[in-house]
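Breakdown of the fold
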Amino acid sequence: MLQQALRPTSGYTYMRGEEIARNTTRAQSATTPINTINTMSLERLTAGCQQETLAYRRGQPYDDRYAVELFRRAMLEHTPQAWAILQTCFTSVMLGWLHRHSQFDRAYELDSEENYVAQAFTRLWQASWNNPELHFSTLGSALDYLRASLNGVIMDTLRVYMRKKETPLPEPDSGND
């Protein structure tokens, strides 16, 4: 899955377990064999994920198999260490999105940056538990999902606080004057 500077626009996909296994074990033309990534330690996987995510963000050629494998371990195997590493690897990316959000100033008045990011990761975690077929085949699709989750958290927070400021209008007087 060596990618060039193109950003995939496809979203996340739902796949059956057999399809996931086939897609994650398919031979790739990259330096690290896919079976090595599937069995790689979390420490090495983390280093590869961080390096390749940085290349992705810079628009340089990158290999997204490290990130895809990290998401797979977190979402399908529900490995707590993989969840923690996902948060470590992608929190700064999400904070960047939060700071560039059109409603950031308003949202920041209502809640902390850390809480918005934590809630977005919680939505991903809940989605993976509620739909075991949720699977990302590229780094771009995983980041698209995280960004949509973060945007949803921001918009939901703003909606809740807007409702609190609304006051109902009094009922019209039904008596005749």
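A short tour of the structure in this document, coming up. (Residues numbered from 1 in each chain as written. Predicted model: local features only at pLDDT ≥ 70, side-chain atom pairs only at ≥ 80, totals over all residues. Heavy atoms only, no water.)

When helices and strands are counted, the protein shows eight helices and four strands. In the protein, the succession of helices and strands from N to C terminus is β-β-α-α-α-β-α-α-α-α-β-α. Across the 177 residues that make up the protein, the buried fraction comes to 40%. Once local pairs closer than 6 in sequence are excluded, the contacts in the protein between residues at least 24 apart make up 75%. With the model as given, the accessible surface of the protein reaches about 10400 Å², and the carbon-plus-sulfur share is 51%. (Helix = DSSP H or I, 4+ residues; strand = E, 2+ residues; numbered from the N terminus. Buried < 20%, exposed > 50% of the residue type's maximum accessible area, 1.4 Å probe, protein only. Contact = heavy atoms within 4.5 Å. Areas by Shrake-Rupley, 256 points an atom, 1.4 Å probe, with all protein chains shown as cover.)

At their nearest, the axes of helix H5 (residues 80-100) and helix H7 (residues 113-130) sit 9 Å apart, and the two run at 125° to each other. With respect to their mutual orientation, H5 and H7 come out oblique. As for the relative orientation of H5 and H7, their crossing is right-handed in sense. Side by side, H5 and H7 meet where Trp-83, Leu-86, Gln-87, Phe-90, Thr-91, Met-94, Leu-95, Leu-98 and His-99 of the first sit next to Glu-113, Tyr-116, Val-117, Ala-120, Phe-121, Leu-124, Trp-125 and Ser-128 of the second. Residues that form the contact of H5 with H7 fall into these classes: 12 nonpolar, four polar and one charged. (Axes fitted to C-alpha atoms, helices over the stretch in contact; angles between N-to-C directions. Parallel < 35°, antiparallel > 145°, perpendicular 65-115°, else oblique. Left-handed = near helix turned anticlockwise from the far one by under 90°. Nonpolar A, V, L, I, M, F, W, Y, C, P; charged D, E, K, R; others polar.)

The next subject is the pattern of salt bridges. A full pass over the atoms with the stated rule returns six salt bridges. The closest approach of N and O atoms between Arg-65 and Asp-63, which form a salt bridge, is 2.7 Å. Judged by relative accessible area, Arg-65 falls into the buried class, the value being 3%. With a closest N to O distance of 2.8 Å, Arg-73 and Glu-69 form a salt bridge. (Salt bridge = Lys/Arg side-chain N within 4 Å of Asp/Glu carboxyl O.)

Attention now moves to the side chain of Thr-46. In this fold, Thr-46 is placed in helix H3 (residues 42-57). When near neighbours in sequence (up to four residues on either side) are disregarded, Thr-46 contacts Ile-85 and Cys-89.

Moving on to the state of the cysteines. In the structure shown here, the tally under the stated rule is zero disulfides. Free of any disulfide, Cys-49 has its nearest cysteine sulfur in Cys-89, 4.2 Å distant. In this structure Cys-89 comes out as buried when scored by relative accessible area, which is 10%. (Disulfide = S-S within 2.5 Å.)

Right, let's get into the packing of aromatic side chains. Each aromatic ring pair is summarised here by two numbers: the centre-to-centre distance and the angle between the ring planes. This structure, assessed with the given rule, holds six aromatic pairs. Arranged with centres 5.4 Å apart and planes meeting at 25°, the rings of Phe-104 and Tyr-108 form a pair that is stacked. With Phe-104 and Tyr-108 both in helix H6 (residues 104-110) and four residues apart, this pair spans about one turn of that helix. Among the residues examined, Phe-104 registers a relative accessible area of 14% and is labelled buried. What makes Tyr-108 partly exposed here is its relative accessible area of 47%. Ring pairs connect the aromatic residues Phe-71, Phe-90, Phe-136 and Tyr-145, which therefore count as one cluster. (Phe/Tyr/Trp six-rings, centres within 6.5 Å; stacked < 30°, edge-to-face > 60°.)

This part covers unusual backbone geometry. A positive phi angle, near 55°, is found at His-78, a position not held by glycine. Relative to the assigned elements, His-78 resides in the loop between helix H4 (65-75) and H5. Judged by its relative accessible area of 22%, His-78 is partly exposed.

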